[in-house]
Amino acid sequence: MNNEVETYYDRNTSLFLKYDPHYETYGIHREVWGNGVATPQDAFNFVNSLILNIIKRHKLESILDLGCGVGGSLFYLAQAYSKPCYYGITISSAQLQIFRDISKKLNLENKCKIVKGDFQKLPKSLPVIDLAFSIEAFVHATDSDAFFSEISANMNKTGFLIVCDDFISESAANLPTNSSEKKLIELFCKGWVLGSLTRVSQIQSIASKYGYQLMENIDLTPNLKLRRNRDILISFSVIILKHFMQFSSYIKALVGGDALQKCLMKELVSYRFLVFQKIK
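Residues numbered from 1 in each chain as written. Predicted model: local features only at pLDDT ≥ 70, side-chain atom pairs only at ≥ 80, totals over all residues. Heavy atoms only, no water.

A. Quick peek at the overall build of the chain. When helices and strands are counted, the chain shows 10 helices and seven strands. Compactness check: the chain gives a C-alpha radius of gyration of 18 Å against a globular reference of 19 Å for 280 residues, within 12% of the reference. Seen through its C-alpha atoms, the chain measures out along the principal axes to roughly 50 × 40 × 40 Å. Taken across its 280 residues, the chain has 55% of its residues classed as buried. Excluding contacts between residues fewer than 6 apart, the proportion of contacts in the chain whose partners are at least 24 apart in sequence is 78%. A total of about 13,000 Å² of accessible surface is found on the chain, and carbon and sulfur atoms cover 51% of it. The chain carries 32 positive and 27 negative side-chain charges, and their two centres are separated by 2 Å. (Helix = DSSP H or I, 4+ residues; strand = E, 2+ residues; numbered from the N terminus. Rg over C-alpha atoms; globule rule 2.2 N^0.38 Å. Buried < 20%, exposed > 50% of the residue type's maximum accessible area, 1.4 Å probe, protein only. Contact = heavy atoms within 4.5 Å. Areas by Shrake-Rupley, 256 points an atom, 1.4 Å probe, with all protein chains shown as cover. Lys, Arg positive; Asp, Glu negative; His and termini not counted. Charge placed at Lys NZ, Arg CZ, Asp CG, Glu CD.)

Next up, the structure:
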């Protein structure tokens, strides 16, 4: 993972949390209005709830969040189901410090532990993992093979790997370089500092090399609320903002987020919940 990702989150995390109307979730993720969701807080935790169901169903005991932010998902899981041990890894020093403050406040210091590092090169101090998950972080990987290789080497022989993220469609992956849709995808990648934007078939092929089989592929795109009032306002501002991306990481995030919404609406990209299980 390149240094730009670390800088991006060091500079932006406090702003992401400050302008989050549901700060108490401590999550830097999207709202997903799936089945049973009644409130915005439920929507923020919908993906976490899907992960929790798998942990409980299979009685898993060691859980790792790959790209854990300030620990929002880990806090949710630990408070909902205290039996497992929860671990996380973040590239950002700022996120690590915020995590320490929140975990102390929630009295979860001994239940949730995170380290600073690159999930493409996991620290040797980690225990054997039963389930690893990555929410809106895999796209920052510059080496998808390393991502799967590292977690495979640290995982139980029948463990689970969950990737919830944006994936480029098969047709969009082959767009002409100078097309407006291609430029929109590139703006999303630049704004959110993506290391790669892969197809589902591509990640499935890479995963199989390391003994993983795709068990579930859930398209959550229809459950996203796109073009909220805030989003529309940002979209009008992007015409000007995109000329100042080099001066502000937060402006980059706003421009990239607007481009992503347009990619989702045009079906160039989809937001998916993929569940892999190690079978060999």
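B. Summary view of the pattern of salt bridges. In this structure the tally under the stated criterion is 10 salt bridges. Residue aspartate 145 pairs with lysine 209 through a salt bridge whose shortest N-O separation is 2.7 Å. Of this pair, aspartate 145 sits in helix α6 (residues 144-153) while lysine 209 sits in helix α8 (residues 200-209); the two residues are 64 residues apart in sequence, bridging distant segments of the chain. By relative accessible area, aspartate 145 is classed as partly exposed at 24%. As a salt-bridge pair, arginine 272 and aspartate 219 come within 3.7 Å of each other at their nearest N and O atoms. Of this pair, arginine 272 sits in strand β7 (residues 269-278) while aspartate 219 sits in strand β6 (residues 212-219), placing them 53 residues apart in sequence. Since its relative accessible area comes to 19%, arginine 272 is described here as buried. (Salt bridge = Lys/Arg side-chain N within 4 Å of Asp/Glu carboxyl O.)

C. Region of the structure containing unusual backbone geometry. Within the chain, valine 193 stands out as a residue other than glycine whose phi angle is a positive 55°. Position of valine 193 relative to the elements: it lies in the loop between α7 (180-191) and α8. Positive phi values are uncommon outside glycine, yet arginine 227 reaches one of about 60°. Its place among the elements puts arginine 227 in the loop between β6 and α9 (229-241).

D. The side chain of aspartate 65, seen in detail. Mapping aspartate 65 onto the fold places it in strand β1 (residues 62-66). One buried charged residue, aspartate 65, remains without a salt bridge, the closest side chain of opposite sign being arginine 30 at 14 Å. In contact with aspartate 65, other than residues within four places in its own chain, are Ser73, Leu74, Tyr87, Gly88, Ile89 and Phe133.

E. A look at the packing of aromatic side chains. What the rule picks out here adds up to 13 aromatic pairs. Measuring from ring centre to ring centre gives 5.2 Å for phenylalanine 119 and phenylalanine 147, while their planes differ by 85°; the resulting arrangement is edge-to-face. Here phenylalanine 147 lies in helix α6 and phenylalanine 119 lies in the loop between β3 (112-116) and β4 (129-135), a separation of 28 residues in the sequence. The pair formed by phenylalanine 119 and phenylalanine 147 is uniform in burial state, with each residue classed as buried. Ring geometry for phenylalanine 147 and phenylalanine 148: centres 5.3 Å apart, planes at 80°, overall edge-to-face. An aromatic cluster is built from Phe119, Phe138, Phe147, Phe148, Tyr212 and Phe276, whose rings are joined through pairwise contacts. Positioned above the aromatic ring of tryptophan 33, the side-chain terminus of lysine 225 is 3.9 Å from the ring centre. (Phe/Tyr/Trp six-rings, centres within 6.5 Å; stacked < 30°, edge-to-face > 60°. Lys NZ or Arg CZ within 6 Å of the ring centre and 35° of its normal.)

Just distances and angles here, no functional claims.
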